[in-house]
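Descriptive analysis of the structure
These are the residues of each chain, in order.
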Amino acid sequence: MNPALGVQAGHHHTITVTRAEALRWWQAGYQAGRQAAEHEHQAQAHRDRLVASFRAQRAADQQARLDALLLETIAALAGLFSRPDHPGNHPA
């Protein structure tokens, strides 16, 4: 008899689980938990790689901006010191 039908008819049906069945259920639960933990570990590792990549890109962008600013400063200073009216540019 189907256990669901027995409950509907008002009969109580006891389900006995053998030790082997209980072990199979335990193993299935253990495997599901292990797989979930492995998935979580992989997801965390992926997130860590994305964060590291973002930080490296941000640092490279900041370095590029700093390099550009430094080149602009050098060009501005070179322009100031190469003007004809600069005291160091008069012939001796």
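Quick caveat, the model's predicted, so the values are computed rather than measured. (Residues numbered from 1 in each chain as written. Predicted model: local features only at pLDDT ≥ 70, side-chain atom pairs only at ≥ 80, totals over all residues. Heavy atoms only, no water.)

**Details of the overall build of the protein**
Each helix and strand in the protein was counted, giving 2 helices and 0 strands. Of all 92 residues assigned to the protein, the portion counted as buried reaches 1%. About 8500 Å² of surface is accessible on the protein, with carbon and sulfur atoms providing 62% of the total. (Helix = DSSP H or I, 4+ residues; strand = E, 2+ residues; numbered from the N terminus. Buried < 20%, exposed > 50% of the residue type's maximum accessible area, 1.4 Å probe, protein only. Areas by Shrake-Rupley, 256 points an atom, 1.4 Å probe, with all protein chains shown as cover.)

**Focus on a nonpolar patch on the surface**
There is a patch of nonpolar side chains on the surface, built from Leu-23, Trp-26 and Tyr-30 and spanning about 380 Å² of accessible area. Here Leu-23 shows up in helix H2 (residues 19-81). The class for Leu-23 is partly exposed, based on a relative accessible area of 45%. (Patch = residues over 30% accessible without salt bridge, like charges linked within 9 Å, V, L, I, M, F, W, Y side chains within 5 Å. Salt bridge = Lys/Arg side-chain N within 4 Å of Asp/Glu carboxyl O.)

**As for the pattern of salt bridges**
The tally for this structure, following the rule as stated, stands at 1 salt bridge. Between Asp-48 and Arg-47 there is a salt bridge, and its shortest N-O distance comes to 3.7 Å. Taking the relative accessible area as the measure of exposure, Asp-48 reaches 39% and is therefore partly exposed.

**Examining the packing of aromatic side chains**
Per the stated rule, a full pass over the model turns up 1 aromatic pair. Considering the side-chain rings of Trp-26 and Tyr-30, the 5.4 Å spacing of their centres and the 15° angle between planes classify their relative orientation as stacked. Linking Trp-26 with Tyr-30, this pair stays in helix H2, spanning 4 residues, or about one helical turn. Taking the relative accessible area as the measure of exposure, Trp-26 reaches 56% and is therefore exposed. (Phe/Tyr/Trp six-rings, centres within 6.5 Å; stacked < 30°, edge-to-face > 60°.)

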